[in-house]
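Working through the structure, step by step
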Amino acid sequence: MKTGFIAITGATSGIGHATAQTFIQKGYRVLLLGRRIDRLASLASDDVLIRQVAATDRVALDAALADATEAFGPVEAIINNAGRMLLGQIETQGAEEWEEMFDVNALGVLHGMQAVLPSMVERKTGTIINISSIAGKKTFADHAAYVGTKFAVHSMSENVRGEVASHGVRVMTIAPGVVETELLGHTTSDAIKDGYNEWKQSIEGGLDPQIVADTVLFAFEQPQHVNIREIVLAPTKQVD
Ligand code: NDP
């Protein structure tokens, strides 16, 4: 008898979608979140709950988690994956792009952690997996605001990990290098997108999102007393 569920934000495309499919195939019950939920319709089943939730909408997140808890039992894990990458030069980039990235990438992760922690701490078990980036460890040209959000994910994850460790709750950070998803498409500058694509070609392309999904599953499936605190994975030919 299965109990509990895994919540995945940003499940509508890329890494989140591959992760959703991977956990479903392994027989987990999942709560899939995102805005474009038409993309999730084909995954719906008795074990898969789909809710339209924007990363910044805490009320909707809490309601979705409550629905899933009623259907499946307590939250076993949350994978805070939703993200935006709006690359731009700091001299010219619109502040609304900075705000959107900090809202989704940084505040979204804080909300995701806070929404599940009371239940996990009370039950003395649970796992939070935050999808950061290699851009949460190193800087890159035209990435100033984006790296700010991802350095935030790394530091907040590490802080919370220490705070909840004694309760048996794990916090993990997964930091991919370049992955083949829709992420770059969010950037509004064609010149920056062209430059990024040229660089990506020079390293023979990014990782398949399935590789990241398999990595998330591997980290999650370790025994609860083992916390793989951080994984950095990137194409071998990616130097930076
Ligand atoms: P995608 O663009 O394919 O996926 C992004 C996901 O985030 C979508 O499901 C999208 O859903 C969701 N999302 C974006 N904005 C919001 C919002 N406001 N509310 C709710 N959901 C939102 O990109 P990736 O799969 O690449 O990105 C996933 C994560 O991986 C991100 O955190 C990204 O920073 C990180 N990452 C990606 C790398 C890469 O090279 N691709 C490298 C390192 C890290 P919807 O729009 O339907 O709401």
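Residues numbered from 1 in each chain as written. Predicted model: local features only at pLDDT ≥ 70, side-chain atom pairs only at ≥ 80, totals over all residues. Heavy atoms only, no water.

**Focus on unusual backbone geometry**
- Despite not being glycine, Lys124 has its phi angle at roughly 60 degrees, a positive value.
- Within the secondary structure, Lys124 is located in the loop between α3 (95-123) and β5 (126-131).
- Notably, Asp142 is not glycine yet its phi reads approximately 65 degrees, a positive angle.
- Here Asp142 shows up in the loop between β5 and α4 (144-164).
- According to the relative accessible area criterion, Asp142 is partly exposed, its value standing at 28%. (Helix = DSSP H or I, 4+ residues; strand = E, 2+ residues; numbered from the N terminus. Buried < 20%, exposed > 50% of the residue type's maximum accessible area, 1.4 Å probe, protein only.)

**A short note on the site of the ligand**
- Around the ligand, the surrounding shell holds 30 residues, and the nearest of these are Thr12, Arg35, Ala55, Tyr146 and Thr181.
- Within the backbone of Ile15, a nitrogen or oxygen atom sits 2.8 Å from an oxygen atom of the ligand.
- A distance of 2.6 Å is found between an oxygen atom of the ligand and a side-chain nitrogen or oxygen belonging to Thr181.
- Secondary-structure elements contributing two or more residues to the shell around the ligand are α1 (14-25) and α4.
- Partitioned by chemical class, the residues of the shell around the ligand number 13 nonpolar, 12 polar and 5 charged. (Near = heavy atom within 4 Å. Polar contact = N/O pair within 3.5 Å; in protein donor to acceptor, adjacent residues only side chain to side chain. Nonpolar A, V, L, I, M, F, W, Y, C, P; charged D, E, K, R; others polar.)

**Observations regarding helix α6 (residues 209-220)**
- With 12 residues, α6 extends 17 Å from end C-alpha to end C-alpha; this agrees with the ideal 16 Å at 1.5 Å per step.
- All of the buried residues in α6 are Pro209, Val212, Ala213, Thr215, Val216, Leu217, Ala219 and Phe220.
- Tucked inside the fold, the buried residues of α6 contact β1 (5-8), α1, β4 (75-80), β5, β6 (169-176) and β7 (230-233).
- Where α6 begins, one side-chain oxygen reaches toward the backbone nitrogen of Gln210, 2.8 Å away; that side chain belongs to Asp208. (Expected span 1.5 Å × (residues − 1). Contact = heavy atoms within 4.5 Å.)

**Regarding the packing of aromatic side chains**
- Under the criterion given, the structure shown has 5 aromatic pairs.
- Aromatic side chains Phe23 and Tyr28 sit 5.3 Å apart centroid to centroid with 50 degrees between the ring planes, which places their arrangement in the tilted category.
- Here Tyr28 falls in the buried class, since its relative accessible area comes to 19%.
- Ring pairing ties together the aromatic residues Phe23, Tyr28 and Phe220, which thus form one cluster. (Phe/Tyr/Trp six-rings, centres within 6.5 Å; stacked < 30°, edge-to-face > 60°.)

**So, α1**
- Helix length check: α1 (12 residues) gives 17 Å between terminal C-alpha atoms against 16 Å at 1.5 Å per residue, within 8%.
- Residues of α1 that are buried include every one of Ile15, Gly16, His17, Ala18, Thr19, Ala20, Thr22 and Phe23, and no others.
- Considering only its buried residues, α1 is in contact with β1, β2 (30-34), β4, β6 and α6.
- Note on α1: the residue one or two positions beyond its end, Gly27, has a positive phi of about 95 degrees.

**Overview of the sheet that holds β4**
- The strand order across the open sheet built from 7 strands is β3-β2-β1-β4-β5-β6-β7, with neighbouring strands paired in parallel fashion. Each having just a single partner strand, β3 (48-52) and β7 make up the two edges of the open sheet. Across this sheet, the average inter-strand angle for adjacent strands is 15 degrees, counted without regard to direction.
- Across 6 bridges, the pairing between β5 and β6 is parallel. Bridge pairing links Gly126 to Val169 in β6.
- The sheet strands contacting α3 are β4, β5 and β6, and the helix crosses β4 at an angle near 165 degrees. (Pairing = 2+ DSSP bridges. Axes fitted to C-alpha atoms, helices over the stretch in contact; angles between N-to-C directions.)

Purely geometric stuff here, so don't read any function into it on its own.
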